[in-house]
Amino acid sequence: MPSMTEAAALTSPMIVAEDVRKRFGSNEVLKGVSLRMAKGEVIAVIGPSGSGKSTFLRCLNHLETIDSGRIDIEGDTLVANDAQGQARYVTDAEVRRICARMGMVFQHFNLFPHLTVLENILAAPLTVKGMKRNEILPKAEELLRKVGLLDKRDAYPSRLSGGQKQRVAIARALAMEPDIMLFDEPTSALDPELTGEVLRTIRQLADEHMTMLVVTHEMGFAREVATRVAFMDGGELIESRPAAAFFAQPEHPRTRAFLESML
Amino acid sequence: MDYILSIIGPLAEGSLVTLKLFFITLSLALPLGLALALIRISNNRAASTAVNGYIWLMRGTPLMLQLLFVYYALPFLPVVGVRLPDFPAAILAFTLNYAAYFAEIFRAGIQSIDRGQYEGARVLGFSYGQTMRRIVLPQVVKRILPPMSNETITLVKDTSLIYVLALNDLLRAARGIVQRDFTITPFVVAAAFYLFMTLVLTWFFQRLEKRHAVYD
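Residues numbered from 1 in each chain as written. Chains lettered and ligands numbered in written order. Predicted model: local features only at pLDDT ≥ 70, side-chain atom pairs only at ≥ 80, totals over all residues.

Labelled according to an unreviewed UniProt entry, chain B appears under the name Glutamate/aspartate import permease protein GltK, originating from Thauera terpenica 58Eu. Its UniProt record, at the heading Sequence similarities (unreviewed entry), says of chain B: "Belongs to the binding-protein-dependent transport system permease family. HisMQ subfamily." Entered under Function (unreviewed entry) in the UniProt record, the comment concerning chain B runs "Part of the ABC transporter complex GltIJKL involved in glutamate and aspartate uptake. Probably responsible for the translocation of the substrate across the membrane." (UniProt positions renumbered as here; feature names shortened; annotations may be inferred.)

In structure tokens, the structure reads:
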């Protein structure tokens, strides 16, 4: 089996973001963020709140639009600058096709409350992919077993704990068979004792070499699971290095200051 | 007692007119109201403003006036000028009026759904139409049941306004007997009829609310 770097060299990067800029009114939240991500990488994006890390993640799958810069997903351009330096997106149909390769998990789960756990997982394959129920059902049950919630298949989300909800949300995203998973602070809305079960599920995906970008405040998770840690502050990506090196010798003074504040 | 039984026949006939107007109005005004609400919240400025103006007009003038306008004034309007028979005129006026109220109820319901629901659907690849049909509107139905219950009960009672078009609804039938027999008993019986209809509606909506409460 080739090492991670060799494998990365053989395939085009999963995500290429170049000089991504985004402002809300007069507030520039992304001041030229660039990031390349290879297949199988798990990148933890950390940084103080308001640093733009969630916004950056949301720009990658078009939940936010960028003002300038470039984003390629698996070699396909989602958005690039025109001659005037303004971001131009590809057609709506292309945007949907490209973004369909990314699954996303939110801080507040965003499960559909009127559907049972199983129906939450089936909804997109049935509606979006037009699959038959019996085609997707085995896969849905397998995913529920994987996140340890098969016994909750007929429960409504309101009956679940936060950790269970988030695991359903992960299974729901996986049902669409994404190549990349984006996590936007997946444990920030959970009680401390419930974060473990969600992080274990994400770690399990990492063991299966799922390409993942995880915005998180969990330093332990970043250290143990991430292959690389990216630190953002004030709308800039300050540094991005292998997890062990990042925590052992942070290069930038702002990174050091942030890490010290976290201890 | 015999007297009451003797007037139940004509009052029941009047009730049929009332119920017919009620059900036809409801089945036309609900979809129209939903369509208006979707236009109102759409990004199309011009269409949204037009719907806004329409709602202002229909809620800002008495239903009675609208009834009279459709029946008496519509024939004299250029282009749309047609004389409608009395019952279709009543249907038209009621539908136009109630669609405006329903539109506001739908709009409030749709806008009460968390943005996260749209984002959750969007990242799974749902189109706007699919998101509305599968995710948003099913949740809206549950939230708007109480105001819808209110509005439909009001509709039952508002049907009595069609007496101005000389339609023999429940109330007009009762009034006819009162004037003929010099007794107010028919009014009391008519009240009982109305109460029965609104009671059935109340039950119906309570059952709907219970059914939608499973996912609370």
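A.B. asks: Looking at this structure, I do not really get the overall build of chain B. What am I missing?
C.D. replies: A count of helices and strands for chain B gives eight helices and zero strands. Scanning chain B from its N terminus toward the C terminus, one meets helices and strands in the order α-α-α-α-α-α-α-α. The contacts in chain B between residues at least 6 apart in sequence include a share of 73% that link residues at least 24 apart. (Helix = DSSP H or I, 4+ residues; strand = E, 2+ residues; numbered from the N terminus. Contact = placed C-beta atoms within 7 Å.)

A.B. asks: For this particular structure, what's the right way to read helix H6 (residues 162-174) of chain A?
C.D. replies: Each turn of an α-helix holds 3.6 residues, which means side chains three or four residues apart point in the same direction. Residue and element names in this part refer to chain A. For H6, with 13 residues, the first-to-last C-alpha span of 18 Å sits near the 18 Å given by 1.5 Å per residue. Extensive coverage of H6 is indicated by the burial of 12 of its 13 residues. On the buried face of H6, the contacting elements are strand S7 (102-105), helix H4 (117-127), helix H5 (133-146), strand S8 (180-184) and helix H7 (192-207). (Expected span 1.5 Å × (residues − 1). Buried ≥ 20, exposed ≤ 12 C-beta atoms within 10 Å, placed from the backbone.)

A.B. asks: How do you make sense of the UniProt feature "transmembrane region" (unreviewed entry) in chain B when you look at a structure like this?
C.D. replies: All names here are of chain B. Residues annotated in UniProt with the feature "transmembrane region" (unreviewed entry) correspond here to residues 21-42, 63-81, 87-106 and 182-205. Secondary structure over residues 63-81 splits into 58% helix and 0% strand, and the C-alpha atoms at its two ends are 20 Å apart. Within the segment residues 87-106, helix and strand shares are 100% and 0% respectively, and the terminal C-alpha atoms sit 27 Å apart.

A.B. asks: Mind showing me how you'd approach the environment of A:Leu263 here?
C.D. replies: Structurally, A:Leu263 can be placed in the segment after helix H10 (253-262). Between the C-alpha atom of A:Leu263 and that of A:Phe183, which follows or precedes it by 80 residues, the distance is 23 Å.

A.B. asks: Looking at this structure, how should I read the pairing of strand S3 (residues 42-46) of chain A?
C.D. replies: Walk down a regular strand and you will see the side chains alternate between the two sheet faces. Residue and element names in this part refer to chain A. Burial runs high along S3: five of the five residues are buried. Here S3 shows no split at all, with Val42, Ala44 and Ile46 on one side and Ile43 and Val45 on the other all buried. Inspection of the sheet shows S3 paired to strand S9 (residues 211-215) by four bridges, in the parallel sense. Looking across to S9, one finds that Ala44 is bridged to Val214. Pairing of S3 with strand S10 (residues 228-233), which is carried by four bridges, proceeds in the parallel orientation. Note that in S10 the partner of Ala44 across the bridge is Val229. (Pairing = 2+ DSSP bridges.)

A.B. asks: Where do I start with the sheet that holds S9(A) in this structure?
C.D. replies: Two orientations exist for strands paired in a sheet by backbone hydrogen bonds: parallel and antiparallel. Residues and elements named next belong to chain A. Read across the open sheet, the six strands follow the order S7-S8-S9-S3-S10-S11; overall the sheet is mixed. In this open sheet, the two edge strands, each paired with only one partner strand, are S7 and strand S11 (236-242). On average, each strand axis in the sheet is inclined to that of its neighbour by 15 degrees, with strand direction left out of account. Sheet contacts for H10: S10 and S11; angle to S10, the most-contacted strand, approximately 95 degrees. (Axes fitted to C-alpha atoms, helices over the stretch in contact; angles between N-to-C directions.)

A.B. asks: I keep staring at the nonpolar core and nothing clicks. Help me out?
C.D. replies: Nonpolar side chains in soluble globular proteins tend to end up buried together. Membership of the largest hydrophobic core comes to 111 residues, with the highest contact counts inside it found for A:Ala44, A:Val45, A:Ile121, A:Ala171, A:Leu182 and A:Val214. Excluding its chain neighbours within four sequence positions, the residues that come into contact with A:Ala44 are A:Val214, A:Thr216, A:Phe221, A:Ala222, A:Ala226 and A:Val229. Counting residues in hydrophobic clusters, the runner-up holds eight residues, among them B:Ile7, B:Leu171, B:Ala173 and B:Ala174. (Core = buried A, V, L, I, M, F, W, Y, C linked by C-beta atoms within 7 Å.)

A.B. asks: Even after reading the chapter, I still don't get the packing of helix H2 (residues 45-60) of chain B against helix H4 (residues 86-111) of chain B, so can you show me in this structure?
C.D. replies: In a pair of packed helices, the angle between the axes and the distance between the axes together describe the arrangement. Residues and elements named next belong to chain B. For the pair H2 and H4, the least separation of the axes is 9 Å and the interaxial angle reads 120 degrees. Between H2 and H4, the interaxial angle falls into the category oblique. In this structure, H2 crosses over H4, and the sense of that crossing is left-handed. Contacts from Tyr54, Ile55, Met58 and Arg59 of H2 reach H4 at Leu96, Asn97, Ala100, Tyr101, Ala103 and Glu104. Here the contact of H2 with H4 is composed, by residue class, of seven nonpolar, one polar and two charged. (Parallel < 35°, antiparallel > 145°, perpendicular 65-115°, else oblique. Left-handed = near helix turned anticlockwise from the far one by under 90°. Nonpolar A, V, L, I, M, F, W, Y, C, P; charged D, E, K, R; others polar.)

A.B. asks: Mind showing me how you'd approach the pairing of strand S1 (residues 15-24) of chain A here?
C.D. replies: Residues and elements named next belong to chain A. The sheet contact formed by S1 and strand S2 (residues 27-37) spans eight bridges and is antiparallel. Across the sheet, residue Ala17 finds its bridge partner in S2, namely Leu35. Taken together, S1 and the strand that follows it, S2, pair antiparallel across an intervening segment of two residues, in which Gly25 is found at a positive phi of about 65 degrees. In terms of strand pairing, S1 meets strand S4 (residues 68-73) through five bridges, oriented antiparallel. Note that in S4 the partner of Arg21 across the bridge is Ser68.

A.B. asks: I tried to follow the interface of chain B and chain A on my own but got confused; where do I start?
C.D. replies: The figure often quoted for interface size is the accessible area lost as the parts come together. With 17 residues of chain B at the contact, the number on the chain A side is 18 residues. Among the elements of the structure, helix H5 (115-123) and helix H6 (128-158) of chain B are those that each provide at least two residues to the side of chain B that touches chain A. Tallying contributions element by element places H5(B) first for the side of chain B that touches chain A, with six residues. For the side of chain B that touches chain A, the per-class residue count stands at seven nonpolar, six polar and four charged.

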